[in-house]
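Coordinate inspection notes
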Amino acid sequence: MPRKKSKVESALRKKGFEQASGDHRFFVYITTQGKKTAVRTKTSHTPKMKEIPDNLLAQMSKQCRLKKADFLKLIDCPLTRENYEKILKDQGIE
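Let me begin by describing the structure that accompanies this report. (Residues numbered from 1 in each chain as written. Predicted model: local features only at pLDDT ≥ 70, side-chain atom pairs only at ≥ 80, totals over all residues. Heavy atoms only, no water.)

1. Some points on the sheet that holds strand β4 (residues 36-44)
Filter applied, for reference: Pairing between strands is defined by DSSP: at least two bridges between them are needed. Numbering of helices and strands starts at the N terminus; helices are DSSP runs of H or I of at least 4 residues and strands are runs of E of at least 2. Helix axes use the C-alpha atoms of the stretch in contact, all axes being lines fitted to C-alpha atoms, and the angles between their N-to-C directions lie in the range 0 to 180 degrees.
Spatial strand order, β2-β3-β4: 3 strands in an open sheet with antiparallel pairing. In this open sheet, the two edge strands, each paired with only one partner strand, are β2 (17-20) and β4. Neighbour-to-neighbour, the strand axes of the sheet open up by a mean angle of 30°, direction not taken into account. Across 6 bridges, the pairing between strand β3 (residues 24-30) and β4 is antiparallel. Bridging from a neighbouring strand, Phe27 pairs with Thr41 of β4.

Following this line, the structure appears as structure tokens:
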């Protein structure tokens, strides 16, 4: 199910992603210890794009090293930043 782009971007920022500018809106995950990681995703800066479709949400979930269902939990807030960071550590990403 598509999600509003503004909601996705806001949730990413709340969960520890920092936004960098470019031809897209890039988001890089920063750990709770302030360490920059290799986990990155992006959204389009096109004003016409109000919602992110399912296929792009699936791509973003892979970029964030999550299953799509877990990525949606990250966006919709049941998955906390601490739990997300634990998932990344379990994958060897620190």
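Now, onward.
2. Focus: unusual backbone geometry
Convention followed: Relative accessibility decides the category of a residue: with a 1.4 Å probe and only protein chains considered, values under 20% of the type maximum give buried, values over 50% give exposed, and everything between is partly exposed.
Positive phi outside glycine occurs at Arg65, with the angle close to 65°. On the accessibility criterion, Arg65 (31% relative accessible area) is partly exposed. At Cys77, a residue that is not glycine, the phi angle is positive and equals roughly 90°.

3. Focus on the nonpolar core
As a reminder of what qualifies: The criterion is simple. A nonpolar core is a set of buried Ala, Val, Leu, Ile, Met, Phe, Trp, Tyr and Cys residues joined through side-chain atoms within 4.5 Å. Contact between two residues is taken to exist if any of their heavy atoms lie within 4.5 Å; hydrogens are not considered.
Grouped together as the largest cluster of nonpolar side chains are 20 residues, with contacts concentrated most on Val8, Leu12, Phe17, Val39, Phe71, Leu74 and Tyr84. Of all elements in the fold, only α1 (5-14), β3, α2 (54-63), α3 (68-76) and α4 (81-90) reach the threshold of two or more residues within this core. Per element, the largest residue contribution to this core is 4 residues, and it comes from α3. Sequence-distant contacts of Tyr84, defined by excluding residues within four places in its chain, comprise Phe17, Tyr29, Val39, Cys64, Leu66, Leu74 and Leu79.

4. Describing α2
Keep this limit in mind: Starting at the helix axis, one direction is taken to each C-beta atom, and the arc is that of these directions.
Among all positions in α2, only Leu57, Met60 and Ser61 are buried. For α2, the angular spread of buried residues about the axis comes to 105°, placing them on one side. In this structure, α2 carries Asn55 and Lys62 as exposed residues pointing more than 90 degrees from its buried face. Following α2 by one or two positions, Arg65 has its phi on the positive side, about 65°.

Spatial relationships are all this shows, so hold off on functional conclusions.
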